[in-house]
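Spelled out, the chains give:
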Amino acid sequence: MDTPVQRHGHEADRRLSSLVGLIAVLAVVVFAISLGFTAEQPPDSVSDIATILTLTFLVAVGTMVTAKVRIRSTTHSITWSETAILIGLALAPPPWVVLSTATGVAAAFVMLRLSAIKTVFSTGKNTLVAAAAGLTLTQLEGHWHLPGVLALIGPVGIAYLVATFLDEVMAIPVIAIASGNRIRRQFQSNWDLRAVGVVVRFVVIICTLFILRADPRLLLAVPPLVLSLHLAYSTRIRTRTEQQAWQRLARATDALNVVDLDQVLTTAVTEAAELFSADEVEIELREGGRTVRGGAAGVGYDGTTPPPSDTDGRIVPVSLEGHDRAEDIGMLRLRFAGPIDLSEREQYTLRTFASALCTAVRNAQAYAELARIADDNAYAATHDALTGLSNRRHLLDEGTAQLTTRHADGVTALVLIDLNHFKEVNDTLGHGAGDRVLIQVAERLRDAARPDDLVARLGGDEFAVLLRGLPAPAVAAHRAEALLAALHDPLDLDGMRISVEASGGIAVVPATGGMTELLRRADVAMYQAKRAGQRVATYAANRDTADLHRLTLGGELPRAVADHEFTVNFQPIVDLGSGKVIGAEALARWHHPTHGLIDPLRFLEAVERSGLLPAFAEAILDQALIAAGSWHDAGFDLPVSVNVSPRSLLDARFPGAVLARLRAHDLPPDRLVLELTETLTLSQLDVVDRVLSRLRDSGVRLALDDFGTGYSSLSLLSRIPVHELKIDRSFVTAMETAPEAAAVIRSTLDLGRSLDLTVVAEGVESEPQRRALWALGCAAGQGHLFARPLPAGALLAALHRGAGGQPGALASPLHDAGAVIRLPGRRAGGARTRPAPPAATDAHQP
């Protein structure tokens with residue numbers, strides 16, 4: 001079955017044949033009429049015969065002396081035949097001129113060995129032109145009574161305009177159909193040069209006629225004059241053609257500057273067909289064996305097993321390689337329906353276009369790979385590797401969006417589901433069986449949920465279902481019962497029937513607190529159900545003894561800031577190979593006099609809303625810089641990492657405050673690493689650009705926290721001038737059991753190396769994890785394997801004690817001193833050698 005492009009080509013061939021056939025039929029009729037007139041009044045002297053032969057010779061020479069323009073595989077010529085025709089009409093009867101024109105043009109094309117269709121078209125066209133010009137002169141005889149020169153110029157000029165108009169009317173549609181252009185566009189192409197040619201030929205005609213009247217011997221001066229004009233005109237055409245070719249090349253290469261590979265290949269096919277007047281263009285890529293084929297009308301084939309081409313003729317191949325010729329990524333082929341030889345300029349243009357196409361394909365492939373990595377990272381960051389359900393982060397993000405923008409959609413509720421006695425399954429049947437149980441539970445919950453619901457696995461044996469668009473809060477309890485009922489039937493596990501019991505907690509969206517509070521309330525309700533021996537319980541505020549939001553309502557945050565109840569612990573960042581500490585991260589804690597130690601996740605949102613963020617941030621930053629100074633004085637020059645709230649970056653005074661605290665504590669700016677989170681949306685980036693630029697220009701280092709866990713990782717990385725990336729702890733935790741997590745870590749490390757960024761893994765809690773990260777090329781990490789968060793003094797004491805007799809180390813080296821090892825990648829230096837600061841890890845303060 002023909003493709004659209006092939007059908008377009010067949011249709012063009014039919015239209016071309018029909019038009020040429022019509023011209024040929026009309027020309028035969030005119031030729032026959034002229035032959036009849038000549039038979040009635042035949043030449044009766046040697047002079048008449050000589051005149052006919054001379055006219056035939058002049059027409060043949062005028063046809064052969066051409067300015068050539070190539071369109072596709074056909075070379076079109078701009079001739080002097082109209083000049084010979086008009087001179088002949090002034091000297092002989094029109095029927096003689098028509099016969100001489102047909103004979104001379106046909107003889108010239110036969111001698112030039114041109115194609116049959118071109119011979120027929122040109123012979124017929126010029127025959128009709130001669131007949132029209134002769135008829136015009138005949139009609140003007142006896143009606144043109146002007147004195148002197150006008151008596152000659154007037155009739156000849158009108159006849160010449162008729163001949164030129166008819167020539168354009170017949171030639172332009174044929175050329176347009178053959179080249180695939182619109183007729184209007186073809187008419188507008190080089191109209192100025194064609195107009196100059198018309199004027200030049202008319203001047204030659206008039207001069208020749210005047211010379212014949214004055215003294216025929218002066219005709220000897222006409223050939224040199226015509227030759228000079230022809231050379232000048234040909235040079236003008238060639239110059240214009242080359243200028244337009246370079247302009248089209250510039251436009252074609254500029255059109256390739258897109259990042260979508262399909263668009264690059266489609267643009268290359270259509271632009272190359274136009275640029276080189278090729279009948280068909282084919283691009284073959286070595287990677288994947290993909291072939292794209294088409295013409296000026298578009299792509300006709302795109303696949304891996306191309307059929308034979310319908311365009312038989314000359315093939316001009318060129319390799320797709322860059323200017324460095326380092327890699328050949330494929331082949332570009334131009335196909336022409338007939339024999340063709342590219343000029344030296346066209347060959348150079350082809351090589352330049354192929355090089356530009358090679359660069360565009362490489363760029364598009366690189367962008368596609370980055371986009372794939374970003375998509376993989378984003379999916380892995382928002383989905384559970386075992387069950388394929390959404391994870392906690394995705395649940396929180398979707399829930400927050402639901403609460404923020406979709407209040408009119410109905411009531412939103414959360415069902416938290418926990419499997420009872422699941423530990424017994426793992427202990428009795430093994431973790432593999434436990435994983436299969438979790439997978440089946442996930443499938444049942446997904447099937448029982450409605451399309452608008454979001455089913456997530458929060459970790460372990462805990463699941464959550466976000467119910468959206470409920471007509472009333474009471475409906476949430478019925479939906480929760482249906483979800484738990486889906487788990488009632490026993491599971492089939494390797495032929496065994498296993499019953500799974502579960503408890504559920506229901507919470508409806510609270511007035512304040514957002515998604516975090518909703519999740520906390522559902523968790524409270526679930527444990528209420530467990531304690532009461534119920535399958536499902538709905539959150540009741542009067543039974544909630546852990547509602548920490550009452551603290552903010554009591555105005556305790558201002559007192560906490562004033563009384564310095566916010567303190568900072570530090571978790572060391574360690575060189576995975578040597579075990580030496582190369583940095584530390586500041587983690588804020590609230591030592592409440594009544595409630596004890598409060599986790600940052602429970603109070604940071606309240607701090608940001610309270611207006612106390614600047615004072616809170618300054619207190620945390622002061623404690624972090626004091627600790628860094630004390631370590632430096634003790635001989636451990638460690639950078640300290642502090643998290644930054646996105647709200648702080650919206651304050652133009654923030655950079656000045658940070659630099660002032662650095663000066664106050666006499667610390668160089670590169671000893672401070674500010675961690676940024678992916679909650680920075682692209683719209684906010686326009687606001688924070690100036691803040692980040694000032695901090696970076698001042699020497700403060702920037703790190704992108706939890707890289708790959710947000711939808712905007714690559715977009716943020718392209719906008720924020722960071723020095724460091726941090727691998728989220730969820731990937732480190734899952735890397736030993738989930739190949740996807742290891743792939744995310746590997747791609748992040750590759751990206752960090754290519755951009756010359758430091759990469760740190762967080763959540764390193766076991767020696768196998770440390771060794772696996774080291775083997776992948778990760779040089780730095782932090783986690784409970786090395787140390788839990790410690791006060792500044794306790795961390796300093798640990799540094800003095802060291803590990804394995806090495807002060808400044810918290811773990812034994814992976815290799816003995818002097819061992820020959822494979823270096824996994826760039827890594828930071830030891831604690832006493834002022835290394836490049838690592839990326840910050842999991843932080844919890846603005």
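Everything discussed here concerns the structure shown above.
Quick caveat: nothing in here was measured; it's all calculated off a predicted structure. (Residues numbered from 1 in each chain as written. Predicted model: local features only at pLDDT ≥ 70, side-chain atom pairs only at ≥ 80, totals over all residues. Heavy atoms only, no water.)

A. Broad picture of the overall build of the protein chain. In terms of regular secondary structure, the protein chain is built from 28 helices and 23 strands. Residue pairs in contact within the protein chain that sit at least 24 positions apart in sequence constitute 71% of those at least 6 positions apart. Here the protein chain has roughly 39,800 Å² of accessible surface; of this, 57% comes from carbon and sulfur atoms. (Helix = DSSP H or I, 4+ residues; strand = E, 2+ residues; numbered from the N terminus. Contact = heavy atoms within 4.5 Å. Areas by Shrake-Rupley, 256 points an atom, 1.4 Å probe, with all protein chains shown as cover.)

B. Representation of the sheet that holds strand β6 (residues 314-321) within the structure. Spatially, β5-β4-β3-β7-β6 is the arrangement adopted by the 5 strands of the open sheet, whose pairing is antiparallel. Pairing within the sheet leaves two strands with one partner each, and these edge strands are β5 (298-303) and β6. Strand-to-strand twist across the sheet, computed as the mean angle between neighbouring axes with direction ignored, equals 15°. Strands in contact with helix α11 (residues 344-382) are β3 (280-285), β6 and β7 (328-336); relative to β6, the strand with the most contacts, it is inclined by about 50°. (Pairing = 2+ DSSP bridges. Axes fitted to C-alpha atoms, helices over the stretch in contact; angles between N-to-C directions.)

C. Seen up close, the environment of Y301. Looking at the secondary structure, you find Y301 in strand β5. A relative accessible area of 18% places Y301 in the buried class. Here the alpha-carbon distance between Y301 and T291, two residues 10 residues apart in the chain, equals 7.6 Å. Among residues more than four places away in sequence, those in contact with Y301 are T291, V292, R293, P306 and P307. Reaching out from Y301, the side chain makes a polar contact with the backbone nitrogen of T305 at a distance of 2.9 Å. (Buried < 20%, exposed > 50% of the residue type's maximum accessible area, 1.4 Å probe, protein only. Polar contact = N/O pair within 3.5 Å; in protein donor to acceptor, adjacent residues only side chain to side chain.)

D. Local environment of the packing of helix α13 (residues 422-429) against helix α14 (residues 431-448). Relative orientation of the contacting elements α13 and α14 amounts to 140°, with a least axis distance of 6 Å. Overall, the two elements α13 and α14 adopt an arrangement that is oblique. Residues F422, V425, N426 and L429 of α13 pack against H431, A433, G434, V437 and L438 of α14. Along the lines of polarity and charge, the residues of the contact of α13 with α14 split into 6 nonpolar, 3 polar and no charged. (Parallel < 35°, antiparallel > 145°, perpendicular 65-115°, else oblique. Nonpolar A, V, L, I, M, F, W, Y, C, P; charged D, E, K, R; others polar.)

E. Structural detail: the pairing of β7. Counting buried positions along β7 yields 8 of 9 residues, so the element is predominantly enclosed. Pairing of β3 with β7, which is carried by 6 bridges, proceeds in the antiparallel orientation. Among the inter-strand pairings, L285 is bridged to a residue of β7, identified as G330.

F. Structural detail: the pattern of salt bridges. Taken as a whole and assessed by the stated rule, the structure comprises 33 salt bridges. In this structure, D563 engages R559 in a salt bridge whose closest nitrogen and oxygen atoms are separated by 3.6 Å. Here R771 and E767 are joined by a salt bridge, their closest N and O atoms 3.9 Å apart. A residue pair is termed a helical-turn pair when its members lie 3 or 4 positions apart in one helix, as R771 and E767 do in helix α27 (residues 767-776) at 4 residues. Note on E767: relative accessible area 28%, which makes it partly exposed. (Salt bridge = Lys/Arg side-chain N within 4 Å of Asp/Glu carboxyl O.)

G. Unusual backbone geometry, seen in detail. Positive phi, normally seen in glycine, also occurs at D666, with a value near 55°. Looking at the secondary structure, you find D666 in the loop between α22 (654-664) and β19 (672-676). Overall, D666 belongs to the exposed group, its relative accessible area being 68%. Even without being a glycine, D756 presents a positive backbone phi close to 60°.

H. Just the sheet that holds strand β14 (residues 536-538), in detail. Across the sheet, 5 strands lie side by side as β9-β10-β8-β13-β14; this open sheet has mixed pairing. The open sheet is flanked by β9 (454-459) and β14, the only strands paired with a single partner. Adjacent strand axes in the sheet meet at a mean angle of 20° when their direction is disregarded. Contacts from helix α15 (residues 475-485) reach β8 (411-420), β10 (462-470), β13 (501-508) and β14, with the element oriented near 140° to β10.

I. Summary view of the nonpolar core. Membership of the largest hydrophobic core comes to 81 residues, with the highest contact counts inside it found for F570 and L672. The dominant element in this core, judged by the number of residues it contributes, is helix α20 (residues 613-633), at 9 residues. Counting 34 residues, the second-largest nonpolar core is a separate cluster that includes V269, A273, V316 and L334. (Core = buried A, V, L, I, M, F, W, Y, C linked by side-chain atoms within 4.5 Å.)

J. Representation of the environment of E736. With respect to the helices and strands, E736 occurs in the loop between α25 (729-734) and α26 (739-754). Those residues in contact with E736 that lie beyond four places of it in its chain are S766, P768 and Q769.

K. Geometry of the packing of aromatic side chains. One pass over the full model with this rule turns up 3 aromatic pairs. For the ring pair F566 and W590, a centre distance of 5.2 Å and an interplane angle of 40° mean the geometry is tilted. Remark: W590 occurs in strand β16 (residues 581-592) and F566 occurs in strand β15 (residues 566-575); sequence separation between them is 24 residues. Pair check on accessibility: F566 and W590 agree, each one buried. Geometrically, the ring pair formed by F566 and F616 is edge-to-face, given 4.9 Å between the ring centres and 85° between the ring planes. Here F616 lies in helix α20 and F566 lies in strand β15, a separation of 50 residues in the sequence. Among the aromatic residues, those joined into a ring-pair cluster are F566, W590 and F616. (Phe/Tyr/Trp six-rings, centres within 6.5 Å; stacked < 30°, edge-to-face > 60°.)

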